[in-house]
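Residues per chain, in single letters:
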Amino acid sequence: MSAATEAGGLPLDELIASLAVDIPDFPQPGVVFRDLTPVFADGAAFRRMVEGLAAPTLVDPRAAALATPGTGDPGFDVVVGVEARGFLLAAAVALQAGVGVVPVRKAGKLPRERLSADYALEYGTATLEVHTDSLTPGQRVLLVDDVLATGGTLAASVSLIEGLGGVVVAVSVVIELTDLAGRQQLAPHTVHALWTT
């Protein structure tokens, strides 16, 4: 029996916390990496996590205002996932919602014309890219990633989406590390975190 089945009645944040594994000093000393792969590996927990990530469409007033009532419209046209664990989550959310998925990749991974954004993160700097034809102006976007830390990665992703004319209706993450104040980097966008720690 899976942990999720055994803990069927647990609130989602407690379920994720019970399965995630903290890895100290990874990828460098002083950083605690929250490994979500045990949550991904548990089918029932993964399903609950995916459903939770799609929840902003039910509570975010901006997403609700953009939805077409009575049509099954989830409030977004596409899900954007950030490399790499965000790909797994975004693809699952998109599949469940019946919409497409767009990857935001690290520099040098995309073969066609792309838009780039540089950003700082808690242990260095990096560049993210997206194909210039991956979104159309006015397209409603749910941005999904695994962790919100300092907010650099997601802020760069928002910049890329908006640079292509997309409208970010919500940012959905599994874990928010509140001590790092990443939410402020994303204002005024709505941030929905399944587990804040």
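Residues numbered from 1 in each chain as written. Predicted model: local features only at pLDDT ≥ 70, side-chain atom pairs only at ≥ 80, totals over all residues. Heavy atoms only, no water.

In the nomenclature of an unreviewed UniProt entry, the chain corresponds to Adenine phosphoribosyltransferase from the organism Geodermatophilus obscurus. In its Function (unreviewed entry) section, the UniProt record describing the chain reads: "Catalyzes a salvage reaction resulting in the formation of AMP, that is energically less costly than de novo synthesis." Under the UniProt heading Catalytic activity (unreviewed entry), the entry covering the chain gives this text: "AMP + diphosphate = 5-phospho-alpha-D-ribose 1-diphosphate + adenine". (UniProt positions renumbered as here; feature names shortened; annotations may be inferred.)

When helices and strands are tallied, the chain shows 9 helices and 9 strands. Counting contacts in the chain only where the partners sit at least 6 residues apart, residues at least 24 apart contribute 58% of the total. With an accessible surface of roughly 9200 Å², the chain has 55% of that area assigned to carbon and sulfur atoms. (Helix = DSSP H or I, 4+ residues; strand = E, 2+ residues; numbered from the N terminus. Contact = heavy atoms within 4.5 Å. Areas by Shrake-Rupley, 256 points an atom, 1.4 Å probe, with all protein chains shown as cover.)

Attention now goes to the environment of Leu148. Here Leu148 lies in strand E7 (residues 140–148). Leu148 sits in the buried class, given a relative accessible area of 1%. Along the chain, Leu148 and Glu176 lie 28 residues apart, while their C-alpha atoms are 4.7 Å from each other. (Buried < 20%, exposed > 50% of the residue type's maximum accessible area, 1.4 Å probe, protein only.)

What follows deals with the packing of aromatic side chains. This model, assessed by the stated rule, comprises 2 aromatic pairs. The interplanar angle of 80 degrees and the centroid separation of 5.4 Å between the aromatic rings of Phe26 and Phe33 together place this pair among those described as edge-to-face. On the basis of relative accessible area, Phe26 is assigned to the partly exposed category, the value being 43%. Between the aromatic rings of Phe40 and Phe46, the centroid separation amounts to 5.7 Å while the plane-to-plane angle is 80 degrees, which identifies the pairing as edge-to-face. (Phe/Tyr/Trp six-rings, centres within 6.5 Å; stacked < 30°, edge-to-face > 60°.)

Right, let's get into the pattern of salt bridges. For the coordinates displayed, the defined rule picks out 8 salt bridges. Across the pair Arg140 and Asp73 runs a salt bridge whose closest N-O atoms are separated by 3.0 Å. Here Arg140 is found in strand E7, whereas its partner Asp73 is found in the loop between helix H6 (61–66) and strand E3 (78–82), with 67 residues between them in sequence. A salt bridge links Arg105 to Glu83; the shortest N-O distance between them is 2.9 Å. (Salt bridge = Lys/Arg side-chain N within 4 Å of Asp/Glu carboxyl O.)

Let's shift gears to the packing of helix H2 (residues 12–19) against helix H4 (residues 43–53). Running from amino to carboxyl end, H2 crosses H4 at an angle of 130 degrees, the nearest separation of the two axes being 11 Å. When the axes of H2 and H4 are compared, the pair comes out oblique. The two elements H2 and H4 cross, and the hand of that crossing is left-handed. Of H4, the residues touching H2 (which contributes Leu12, Leu15, Ile16 and Leu19) are Ala45, Arg48, Met49 and Gly52. Each residue belonging to the contact of H2 with H4 can be placed in one class, and the counts come to 6 nonpolar, 1 polar and 1 charged. (Axes fitted to C-alpha atoms, helices over the stretch in contact; angles between N-to-C directions. Parallel < 35°, antiparallel > 145°, perpendicular 65-115°, else oblique. Left-handed = near helix turned anticlockwise from the far one by under 90°. Nonpolar A, V, L, I, M, F, W, Y, C, P; charged D, E, K, R; others polar.)

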